[in-house]
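The residues making up each chain are set out below.
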Amino acid sequence: MASTVQARGAARPGPRNGRAHGSARSARLGPQAIQQADLKASEKPSQATPRAVVETDLLGDRLTTVPLPLAASGDGGVAEARTSAAAALDAASRASTSSGAPMASLRAFFLPAGWPGSVTPDYLQYQVATIPAHITGWVSHSLATSSMIAALGIGAGPAEVAAVSAAVKWITKDGLGAAGRLIVGGRLSSVFDEDPKRWRMLAEAVSTVGLALEIATQIFPANFVLLAGVGTLCKSTAKGMGTPCFRIIQTHFSANNNVGDVAAKEEVWEVAAQLAGLAVSVALLQLLEGSGVPDAIVPVWMVAHGTHVYLRYLALSVLRFPYPNQARYCCGLHAPLLLCMHSWWASVASRCHKRAAFLASSYVRTGRVPSVEAGNVAERVLLPPTTCSPRVVYGCTLDQALNQAAASIGSGSGSGSEASSKGARLAELLRLYDGERYLLTWHSGTAWVLVLEGAQRLDLLRAMLQAAWLEQHHSEAQAAATVAPRPDGSFGDSSGQVLADSLAALQQQWPDFVLQAEQSGWQLAKAVLPQGTARLRFE
């Protein structure tokens, strides 16, 4: 090998300015350095001469093969053999292309360009799961529409009177329903990013109420405007909640920033399912009409819509979001319902998790960050955040964080002492959380997080990890006591020490938590956590 390398080096042409420069360079480098450089050059892999150029589409399917002309060879038999091989390759390519053309066209029609590399791994599984959900959904809507048409009395009485009456009632119910999207866009626009799966299922629940009211118009035709109007209001509200959730899912699928392509293909999947659903609806309505039992539409609708809701839940369950999330503790529209059902929820789900809470609590318990798959599987889509563990309220007010009755603030005499006490408490918290962009207190089994202006997503995630530590290490006896400053502004011996210990644990464990999360595929910088209602600013 050494002699071969030296021979290659001797045969190498020198630079344009003469061999002397090369000799001087060789003298500087030394014989060993020259030999290593020549050895690296000799080890470069030789690229085989291409025999053909293959053209493929964006999905990787072969379109055509163009054989390249071969260089003249002294051995005519070898050249002839290479030519025959290239021709055979071209013939096989054309046969493969013609036989696979229908499947390639089908994939190009339904899947984004560059699939599967242009979307997330859960894209196709989700789309396939939504097909039966879309079909049963259109069947449910068609049955509800049929009930409203029957309630309007179209087909009975003078044609002109029936048509005008039906038009007035239909426009009225549409006008009442238009308010739904207005309410959703104005009041709930900031909550969908936090928990799109649960809000999509909540939209299904609201839509179920609206469709049930529309079905009831056939049973109570005299109350058509009321039933259909409120039903359309519910359906419009549900659409206003469902559409943003779909946009979030589409953005999640867009691995190559190809949101437009993914959204367009989503329309293809949905319209294809819509056509199938409408065909099933026509056959089902004809069957019901021939049965002579018009009231049978109610149980048929219940079965169809119940199946649709279940299939929607299954479709949402296959999504694998790679970022932590945490829904806000309580939202305006359904807060009374959640408060009434809180004890029941707690009994059926003692450890409900959203992804951020699951990551933090799992790490505190085991010292390991779970995978993206495990985090999404553990997420409870249907359960509200009031049952999640640990319970964290982001962006709370000072009164909530300090466990102080709001009625006592600014009440007559003593307001100055109350303000002074609050200032002392805040000063103690600021000393404890020096360098952090949040202040956390713990009482009533809940972490109350005061968020400072300028806090980022990772700051809120740090608060979640500290809350998980408090929940894991705080004994029942300590949990009964308020982990907050005393009225004189100082911490109690045990409560202050618990907060200090939790903060020290956070600062020690945070680098390892971040490293493990990134290795497991989590995108912590994209964490979606509630912003709350208040911020603290220093003046």
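Residues numbered from 1 in each chain as written. Predicted model: local features only at pLDDT ≥ 70, side-chain atom pairs only at ≥ 80, totals over all residues. Heavy atoms only, no water.

Enquirer: Would you mind showing me how to read the overall build of the protein chain here?
Expert: A count of helices and strands for the protein chain gives 18 helices and five strands. For the protein chain, the proportion of its 539 residues judged to be buried stands at 40%. Residue pairs in contact within the protein chain that sit at least 24 positions apart in sequence constitute 79% of those at least 6 positions apart. (Helix = DSSP H or I, 4+ residues; strand = E, 2+ residues; numbered from the N terminus. Buried < 20%, exposed > 50% of the residue type's maximum accessible area, 1.4 Å probe, protein only. Contact = heavy atoms within 4.5 Å.)

Enquirer: What is the right way to read helix α10 (residues 297-317) from this model?
Expert: In an α-helix there are 3.6 residues to a turn, and that puts residues three or four apart on one side. Counted at 1.5 Å a residue, the expected span for α10 with its 21 residues is 30 Å, and the 30 Å between its end C-alpha atoms agrees. Listing the buried residues of α10 in full gives Ile 297, Trp 301, Ala 304, His 305, His 308, Leu 311, Arg 312, Ala 315 and Leu 316. One side of α10 carries all its buried residues, which in axial view fall inside an arc of 135°. Among the exposed residues of α10, those pointing more than 90 degrees away from its buried face are Met 302, Val 303 and Tyr 310. Contacts made by the buried residues of α10 are with α5 (123-152), α7 (196-219), α8 (224-253) and α9 (259-291). (Expected span 1.5 Å × (residues − 1). Arc of directions from axis to C-beta.)

Enquirer: Would you explain a nonpolar patch on the surface in this entry?
Expert: A cluster of nonpolar side chains, Val 271, Leu 275 and Leu 278, forms an exposed patch at the surface whose accessible area comes to about 240 Å². Looking at the secondary structure, you find Val 271 in helix α9. (Patch = residues over 30% accessible without salt bridge, like charges linked within 9 Å, V, L, I, M, F, W, Y side chains within 5 Å. Areas by Shrake-Rupley, 256 points an atom, 1.4 Å probe, with all protein chains shown as cover. Salt bridge = Lys/Arg side-chain N within 4 Å of Asp/Glu carboxyl O.)

Enquirer: Where do I start with the environment of Gln 456 in this structure?
Expert: Along the chain, Gln 456 falls in the loop between β5 (446-451) and α16 (457-473). Overall, Gln 456 belongs to the partly exposed group, its relative accessible area being 48%. Sequence separation of Gln 456 and Arg 437 is 19 residues, and the distance between their C-alpha atoms is 8.2 Å. Within the structure, Gln 456 has its side chain in polar contact with the backbone oxygen of Gly 454 (distance 3.0 Å). (Polar contact = N/O pair within 3.5 Å; in protein donor to acceptor, adjacent residues only side chain to side chain.)

Enquirer: Looking at this model, I keep getting lost on the side chain of His 308. Mind explaining?
Expert: Note that His 308 resides in helix α10. Given a relative accessible area of 6%, His 308 falls into the buried group. Setting aside chain neighbours within four positions, we find His 308 in contact with Ala 133, Thr 136, Gly 137 and Glu 204.

Enquirer: Can you walk me through the sheet that holds strand β3 (residues 392-394) in this structure?
Expert: Note: strands within a sheet are paired through backbone hydrogen bonds, in either parallel or antiparallel orientation. The mixed open sheet is built from three strands, whose spatial order is β3-β5-β4. Two strands in the sheet have a free side with no partner beyond their single neighbour: β3 and β4 (438-443). For this sheet, the mean inter-axis angle between neighbouring strands, taken without regard to orientation, is 20°. In this sheet, β5 lies alongside β4 in antiparallel orientation, the contact comprising six bridges. Opposite Trp 442, over in β5, you have Ala 447 as the bridge partner. Across the face of the sheet, α16 comes into contact with β3, β4 and β5 while running at roughly 25° to β4. (Pairing = 2+ DSSP bridges. Axes fitted to C-alpha atoms, helices over the stretch in contact; angles between N-to-C directions.)

Enquirer: So what exactly am I meant to see when it comes to helix α12 (residues 355-366) here?
Expert: Here α12 spans 16 Å end to end across twelve residues, near enough to the 16 Å set by a 1.5 Å rise per residue. With ten of its twelve residues buried, α12 lies for the most part within the structure. Buried residues of α12: Arg 355, Ala 356, Ala 357, Phe 358, Leu 359, Ala 360, Ser 361, Ser 362, Tyr 363 and Val 364, and no others. Positive backbone phi, approximately 80°, marks Gly 367, located one or two places after α12.

Enquirer: Looking at this structure, I do not really get the environment of Val 139. What am I missing?
Expert: You can see Val 139 is positioned in helix α5. By relative accessible area, which is 7% here, Val 139 ends up buried. Val 139 sits 143 residues away from Val 282 along the chain, and the two C-alpha atoms are 8.8 Å apart. If sequence neighbours within four positions are ignored, Val 139 has contacts with Gly 277, Val 280, Ser 281, Leu 284 and Ala 304.

Enquirer: Would you mind showing me how to read the packing of α7 against α8 here?
Expert: For any two helices packed against each other, one specifies the crossing angle of their axes together with the interaxial distance. Two numbers describe how α7 lies on α8: the axes approach to 7 Å, and their chain directions differ by 160°. In terms of axis orientation, α7 runs roughly antiparallel to α8. Where α7 crosses over α8, the two elements pack in a sense that is left-handed. Here the residues of the contact of α7 with α8 sort into 19 nonpolar, seven polar and three charged. (Parallel < 35°, antiparallel > 145°, perpendicular 65-115°, else oblique. Left-handed = near helix turned anticlockwise from the far one by under 90°. Nonpolar A, V, L, I, M, F, W, Y, C, P; charged D, E, K, R; others polar.)

Enquirer: How should the pairing of β4 be read in this particular structure?
Expert: Among the six residues that make up β4, six are buried, leaving the element largely enclosed by the rest of the structure. Here β4 shows a buried face lined by Tyr 438, Leu 440 and Trp 442 and a second buried face lined by Leu 439, Thr 441 and His 443. The turn linking β4 back onto β5 is made up of two residues, and Ser 444 within it adopts a positive phi angle of 60°.

Enquirer: Is there a simple way to think about unusual backbone geometry in this case?
Expert: For the bond running from Trp 115 to Pro 116, omega is 5°, close enough to zero to count as cis. The phi torsion at Ser 444 lies on the positive side, around 60°, for a residue other than glycine.

Enquirer: What is the right way to read the nonpolar core from this model?
Expert: One recurring pattern in soluble globular proteins is that nonpolar side chains are buried together. Membership of the largest hydrophobic core comes to 49 residues, with the highest contact counts inside it found for Leu 440 and Phe 513. With residues near it in sequence (within four places) discarded, Leu 440 still touches Leu 429, Tyr 433, Ala 447, Trp 448, Val 449, Ala 463, Gln 466, Ala 467, Leu 470 and Leu 499. Formed by 29 residues, the second largest nonpolar core is a distinct cluster that contains Val 191, Phe 192, Ile 248 and Tyr 323. (Core = buried A, V, L, I, M, F, W, Y, C linked by side-chain atoms within 4.5 Å.)

Enquirer: I keep staring at the confidence of the model for the protein chain and nothing clicks. Help me out?
Expert: Reading predicted coordinates in detail is not appropriate for stretches of low pLDDT. With 65% of its residues at a pLDDT of 70 or more, the protein chain has an overall mean of 76. Ignoring residues within four places in sequence, the model shows residues 330-350, a span with pLDDT below 50, making 18 contacts including any to other chains. In the predicted structure, residues 404-414 sits below a pLDDT of 50 and forms ten contacts with residues beyond four places in sequence or in another chain. (pLDDT = per-residue confidence, 0-100.)

Enquirer: Please clarify how the packing of aromatic side chains should be interpreted in this entry.
Expert: The geometry of an aromatic ring pair is captured by the separation of the ring centres together with the interplanar angle, meaning the angle of the planes. Under the definition given, this model contains nine aromatic pairs. Seen from their ring centres, Phe 192 and Trp 199 are 5.5 Å apart, and the 75° between their planes marks the pair as edge-to-face. The buried category is assigned to Phe 192, whose relative accessible area is 4%. Note on Trp 199: relative accessible area 1%, which makes it buried. An aromatic cluster is built from Phe 109, Phe 110 and Trp 269, whose rings are joined through pairwise contacts. In this structure, Arg 355 packs its charged tip against the face of Tyr 323, placed 5.1 Å from the ring centre. Note that Arg 462 overlies the ring of Trp 510, its terminal NZ or CZ placed 5.3 Å from the centroid. (Phe/Tyr/Trp six-rings, centres within 6.5 Å; stacked < 30°, edge-to-face > 60°. Lys NZ or Arg CZ within 6 Å of the ring centre and 35° of its normal.)

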